[in-house]
Amino acid sequence: MQLDGGTKQEYDFKLASIARATSAAPPYFPPATIVNKAGQTFTMIDGGVFANNPTICAIVEAYRLYGSTNFMIVSIGTGIEPVKVDASSAGHWGDIQWLTPILSILTTGNSQTVSVQTDELLGDPHWRLDISLTMPTPEGDTVNPEMDDASTGNINALVNKAKQLIHVQRELIQALATELATPRAVVQPKEQRPQKGMFSALLV
């Protein structure tokens, strides 16, 4: 079986390898070396360096597979963190000083831009769940957004932040659950697809 110029074995990776590759976020973890079922070796880093919000990638892939633009997108964010840069200080910054803020600007900017683009493209079929990380939780916790902070206190703060999101967006989540529970036509690959629009749900 051929898939866009590659065999099925070339697209077949162990789930553990995929998880390791997608968590190889520079500079937190080293690149991952993974092997597919065909025996080919690849060195991978986290795709968030170019698609921190992969919604548009998912839309394109779904269209490629199913040949339809009738999508429902469920997009779950990891927290909104506004980046503040002092203009008077930044005017004298060099490469080192810009390293941390520019990474945050690139990832946050990409995520928010894709969310707005998807909302304009799809409208109601785009469901976005996210929350500010700078807003304290009812328990008084404040999340440290640094990915390498795995302290017990920050883990608890993240759990409470998730509970806060569920509380704040409860009505939206309940409406989404009702929508997802509605029976839909079975989605088939486009080579087997009847000549009529299909509906698919994507979780990204």
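Residues numbered from 1 in each chain as written. Predicted model: local features only at pLDDT ≥ 70, side-chain atom pairs only at ≥ 80, totals over all residues. Heavy atoms only, no water.

**Concerning the overall build of the protein chain**
Looking only at helices and strands, one finds six helices and seven strands in the protein chain. For the protein chain, the succession of helices and strands along the chain, N to C, is β-β-α-β-β-α-β-α-α-β-α-α-β. Expressed as lengths along the three principal axes of its C-alpha atoms, the size of the protein chain is roughly 60 × 45 × 35 Å. Taking all 204 residues of the protein chain together, 26% fall into the buried category. Within the protein chain, contacts between residues separated by at least 24 positions form 59% of all contacts whose residues are at least 6 apart in sequence. A total accessible area of about 13600 Å² is found for the protein chain, and carbon and sulfur atoms account for 59% of it. Distance from the positive charge centre (14 side chains) to the negative charge centre (20 side chains) of the protein chain: 10 Å. (Helix = DSSP H or I, 4+ residues; strand = E, 2+ residues; numbered from the N terminus. Buried < 20%, exposed > 50% of the residue type's maximum accessible area, 1.4 Å probe, protein only. Contact = heavy atoms within 4.5 Å. Areas by Shrake-Rupley, 256 points an atom, 1.4 Å probe, with all protein chains shown as cover. Lys, Arg positive; Asp, Glu negative; His and termini not counted. Charge placed at Lys NZ, Arg CZ, Asp CG, Glu CD.)

**Things to note about the environment of Gln112**
Along the chain, the position of Gln112 falls in helix H4 (residues 95-122). A relative accessible area of 41% means that Gln112 is categorised as partly exposed. Sequence separation between Gln112 and Asn53 is 59 residues, and the spatial gap between their C-alpha atoms is 7.9 Å.

**Observations regarding the pattern of salt bridges**
Summed over all chains, the structure comprises four salt bridges. When the shortest N-O distance is used, the salt bridge between Lys37 and Asp12 registers 4.0 Å. With Lys37 in the loop between strand S3 (32-35) and strand S4 (41-44) and Asp12 in the loop between strand S2 (6-7) and helix H1 (15-22), the pair connects residues that are 25 residues apart, well separated along the chain. Judged by its relative accessible area of 62%, Lys37 falls in the exposed class. (Salt bridge = Lys/Arg side-chain N within 4 Å of Asp/Glu carboxyl O.)

**A closer look at H4**
The end-to-end C-alpha distance of H4, which contains 28 residues, comes to 39 Å, matching closely the 40 Å that a straight helix rising 1.5 Å per residue would cover. Approximately 35° is the largest bend angle found in H4, and it occurs at Pro101. Those residues of H4 not exposed but buried are Pro101, Thr108, Ser111, Val114, Ser115, Thr118 and Leu122. Positive phi appears at Gly123, one or two residues downstream of H4, with a value of about 75°. (Expected span 1.5 Å × (residues − 1). Bend = angle between axes of the 7 residues up to and from the residue.)

**A word on the pairing of strand S6 (residues 126-129)**
Side chains His126 and Arg128 of S6 all project onto a buried face; the interleaved residues Trp127 and Leu129 project onto the opposite face, where all are buried too. Pairing geometry for strand S5 (residues 71-76) and S6, over four bridges, is parallel. Each residue of the ladder has a partner; that of Ile76, found in S6, is Leu129. (Pairing = 2+ DSSP bridges.)

**Describing the packing of helix H2 (residues 55-66) against H4**
Where H2 meets H4, the closest approach of the two axes is 9 Å, and the angle between their N-to-C directions is 45°. If you check the angle between H2 and H4, you find them oblique. Taking contact as the criterion, the partners of Thr55, Ile56 and Ile59 in H2 are, on H4, Val114, Gln117, Thr118, Leu121 and Leu122. For the contact of H2 with H4, the class distribution of residues is five nonpolar, three polar and no charged. (Axes fitted to C-alpha atoms, helices over the stretch in contact; angles between N-to-C directions. Parallel < 35°, antiparallel > 145°, perpendicular 65-115°, else oblique. Nonpolar A, V, L, I, M, F, W, Y, C, P; charged D, E, K, R; others polar.)

**Observations concerning the side chain of Thr137**
Along the chain, Thr137 falls in the loop between S6 and helix H5 (152-168). In contact with Thr137, not counting residues within four places along its chain, are Ala157, Asn160, Lys161 and Gln164.

**Looking at the nonpolar core**
Among the nonpolar cores identified, the biggest contains five residues, and these are Ile59, Ala62, Phe71, Ile73 and Leu122. Looking at this core, the elements with two or more residues in it are H2 and S5. (Core = buried A, V, L, I, M, F, W, Y, C linked by side-chain atoms within 4.5 Å.)

**Remarks on H2**
Between its first and last C-alpha, H2 extends 16 Å over twelve residues, near the 16 Å set by a 1.5 Å rise per residue. Phi turns positive one or two residues past the end of H2, at Gly67, with a value near 65°.

**A word on the confidence of the model for the protein chain**
Averaged over every residue, the pLDDT of the protein chain is 85; residues scoring 70 or more account for 90%. Per-residue pLDDT stays below 50 along residues 195-204; that stretch engages in 31 contacts with residues further than four places along the chain or on separate chains. (pLDDT = per-residue confidence, 0-100.)

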